[in-house]
Amino acid sequence: MNNKHILVIFPHPDDESFGTSGTISKFRAEGVPVTYLCGTLGEMGRNMGNPVFANRETLYTYRKKELAEAAKELDIDVELLGYRDKTLEFEPLDELAQHLKERILAYGATTIITHYPGYAVHPDHDALGAAVVKAVELIEPGKRPEVWMHAITNNHEDELGEPDFIFDIEPYWERKEAAIRAHLSQVDGMMNLIENHEQTSKQIQRLKREQFYRLTLSS
Amino acid sequence: MEAIDQSAVQEKINHFANKDVYIHLETTNGAYASHFDETAYNVGAFIRNAKVNYQHGKIVSTGGSYRVGLKLDIGWVYAEGVSDFEIDEKDRLLLAGHDREGRLMVALEISEEPFTHEAEEHE
Ligand SMILES: [Zn+2]
């Protein structure tokens, strides 16, 4: 189908690379445009690089550059939504949803990838995922994009069952690794893990499998 | 940031005393603590741009890291575990403590101008 446009909506620079960069690469390989709506600049991140090179006041400048670099690796566009890290759950849900609805319609999104609210561990992930669901509910039924939700909690498969989409992203692994590596201030631990562990280790297998649940709305 | 120079930090604390200043105070063990370890607790607190005027303050060595206390007219500002400092180009005093992996555990920052608080200000 022509006119496809994927919107990835997550709160932090690096969420796109860890959770979905294989799937993003797959879409890009098929020629489908992908835009990342990034909620915050991750200003309140705990990782400052290892060895430390950022501080609380300079962290966002690095994360902004890192995101631009990852976006270049993945060949996607980025729009910053301008919220502040750690505070999304305290913003009025209706206003957040209205803002997102406007952006979704402006891009003519056909598929949205976001976090599965309630199953995404970080409060910003849950809050933005919930706002995306609400935004899509505000759109006329015939005109709604599909919503694919990414769950992170350890026990999510017990509660939610098999995901609706499971991608083996092995063919795009190098892309994904490069995208993750771009987030230098954040990924030291993860890169050690990738370099030091057997390629078959559990966590690597996890990174090579990207899976999503499809949102079903009753009306 | 670099390892705290106690006298340089004390001098800066003295410089900000009896002035209206803005404080960023934070402690965190991250949003993923109980995700990676079921027995762990997620704890954290921050206050950004608290406007205070302190009478005097002191940095105390604990052998390895430092505690800082600032005495207000009707209270205190306190941080434990700071080990690194920087006086940045905006003349702000930035103090922080990091764990072995370089992750921030505690921060105390003092500035005569408010810290950025809206995303637009980043531009
Ligand atoms: Zn995140």
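Quick summary incoming for the structure in this document. Just so you know, these numbers come straight off a predicted model, no measurement behind them.

**Digging into the environment of Ala79(B)**
In this structure, Ala79(B) sits in strand β6 (residues 75-82). With near-sequence residues (within four places) excluded, Ala79(B) lies in contact with Leu25(B), Tyr66(B), Arg67(B), Val68(B), Val106(B) and Leu108(B).

**Focus: helix α2 (residues 59-74) of chain A**
Residue and element names in this part refer to chain A. With 16 residues, α2 should cover 22 Å at 1.5 Å per step; its first-to-last C-alpha distance of 22 Å lies within 8% of that length. Residues of α2 that are buried: Leu-59, Tyr-60, Arg-63, Glu-66, Leu-67, Ala-70, Ala-71 and Leu-74. Along the axis of α2, the buried positions cluster into a sector of 140°, meaning they face one direction only. Of the exposed residues in α2, those oriented more than 90 degrees away from the buried face are Lys-65 and Lys-72. Against the buried residues of α2 lie α1 (15-29), β2 (34-38), β3 (77-80) and α6 (173-182). Looking one or two residues past α2, Asp-75 carries a phi angle of roughly 60°, positive in sign.

**Some words on the environment of Leu37(A)**
All names here are of chain A. By the secondary structure assignment, Leu-37 is in strand β2. Leu-37 sits in the buried class, given a relative accessible area of 0%. Along the chain, Leu-37 and Leu-105 lie 68 residues apart, while their C-alpha atoms are 13 Å from each other. Contacts of Leu-37, omitting those with residues within four sequence positions, involve Leu-7, Val-8, Ile-9, Phe-10, Glu-79, Leu-81, Arg-103 and Tyr-107.

Basis of the calculations
Residues numbered from 1 in each chain as written. Chains lettered and ligands numbered in written order. Predicted model: local features only at pLDDT ≥ 70, side-chain atom pairs only at ≥ 80, totals over all residues. Heavy atoms only, no water. Helix = DSSP H or I, 4+ residues; strand = E, 2+ residues; numbered from the N terminus. Contact = heavy atoms within 4.5 Å. Expected span 1.5 Å × (residues − 1). Buried < 20%, exposed > 50% of the residue type's maximum accessible area, 1.4 Å probe, protein only. Arc of directions from axis to C-beta.

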